[in-house]
Amino acid sequence: MSQDGNGAEHLDLDSGLEPESSCEPVGAGESKGAEHTHADSGGGDDRGFFYSAGLWVRDGGVGVAIVVAGLLLLTATAGVWPPMTVVESGSMEPNINQGDMTIVSASDRFVNEFADENGVVTHSVADEEGVENLGGYGSVIVFKDPSTSGPDTIHRAMFHVEEGEDWFDRANESFLYGATSCSQLRNCPAPNDGYITKGDNNPYYDQAIGLSRPVAGEWVGSVARVDIPYLGWIRLIFSGRLIM
């Protein structure tokens, strides 16, 4: 600093001195700011990951709860467990195809006025009354003859016979596997009360080819109500029960 003749002070630019500054160097400030920003970013990533994971767990739990609740409601409504069955063969095509899943119910649920004491509407009755079900006339029943092995069968109930009945004349001769009389026809006379059944895509009655005896009412596990295409393929493939 120097004074002029009037006593005023002036900055001596030639003195080699630089003015002092209280600010931090720009480089140092940026370095510290970068360090703080990096630390905050790392903590934010961790918190974001756990937050997202928590949302996935929560949403997944809600989804599972909805599925379980729906399944319980369907079971309570259907009156059977499980309330669905997978179609393993093409015997009911084209109305119910291999790989479809059918929603089923106990035979005493959703009974209409044409059903018998077992809750089944036979093809012969439905045809007369004009009542269609799953692409044809007559209830599609899920049954198992206790004298046979293998999975349950899902076929249509054609007509009902009484024990000892000669049902040859009541049958469609095209479905009798070449039989020309009761003596040539399997399960004739009828060995027990029950339904004569047939797959929509099969050429013969189940009883004519020995697949089952007449299906007694207590052998009917459920009745098919709704067909859902393709939904059963995954189960068929991974269970090894795919029938080609």
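Not measured: the values here are computed from a predicted model. One numbering rule holds for all chains: residues counted from 1, following each sequence as written. At least 70 in pLDDT is required for a residue's local features to be given in this predicted model, at least 80 for side-chain atom pairs to be given and counted, and no such filter applies to totals for whole chains, interfaces and linings, which use all residues. To obtain the side-chain values, all non-hydrogen atoms of the structure were used and water was disregarded.

Brief notes about the overall build of the protein chain
As a reminder, the rule being used: Elements are defined by DSSP. Helices are runs of H or I of four residues or more, strands are runs of E of two residues or more, and each kind is numbered from the N terminus. Any two residues whose heavy atoms approach within 4.5 Å at even a single point are treated as in contact. The Shrake-Rupley method, run with a 1.4 Å probe, gives the accessible areas here. Residue values count only the displayed protein chains as cover.
Helix and strand content of the protein chain: three helices and 10 strands. Its helices and strands in sequence order give the protein chain the pattern β-β-α-β-β-α-β-β-β-β-β-β-α, from N to C terminus. Considering only contacts within the protein chain whose residues lie at least 6 apart along the sequence, 56% involve residues at least 24 apart. Working note: accessible area of the protein chain is about 15200 Å², and carbon and sulfur atoms make up 56% of it.

A short note on the layout of surface pockets
Heads up, the rule is: Both site types are read off a 1 Å grid over the protein atoms alone. A 1.4 Å probe that fits but cannot get out defines a cavity, while an open set with protein on both sides within 12 Å along at least five of seven lines defines a pocket; lining residues have an atom within 4 Å of a point. Grid points are joined across faces, edges and corners, and a volume is the space filled by probe spheres set on the points. Three categories are distinguished: nonpolar for Ala, Val, Leu, Ile, Met, Phe, Trp, Tyr, Cys and Pro, charged for Asp, Glu, Lys and Arg, and polar for the others, with Gly belonging to the last.
Reported here for the largest pocket is a volume of approximately 670 Å³. Taken together, 33 residues line the largest pocket, and the ones lying closest to its centre are Thr85, Pro151, Asp152, Thr153 and Ile154. Looking at the lining of the largest pocket, the elements with two or more residues in it are strand 3 (84-86), strand 7 (140-143), strand 8 (153-161), strand 10 (220-228) and helix 3 (233-239). When grouped by side-chain class, the residues that make up the lining of the largest pocket number 14 nonpolar, 13 polar and six charged. Of the voids in this model, the second largest pocket is the one considered here, and its volume is about 160 Å³. The wall of the second largest pocket is formed by 15 residues, among which Asn112, Val121, Asn133, Ser139 and Arg225 lie closest to the centre. Looking at the lining of the second largest pocket, the elements with two or more residues in it are strand 5 (132-133) and strand 10. At three residues, the largest contribution of residues to the lining of the second largest pocket is made by strand 10. Considering only residue class, the lining of the second largest pocket consists of eight nonpolar, five polar and two charged.

Observations regarding the environment of Gly164
Locating Gly164 in the fold gives a position in the loop between strand 8 and strand 9 (194-198). Taking the C-alpha atoms as reference points, Gly164 and Cys188, 24 residues apart in sequence, are found 7.7 Å from one another. Beyond its immediate stretch of four places on either side in the chain, Gly164 contacts Pro189 and Ala190.

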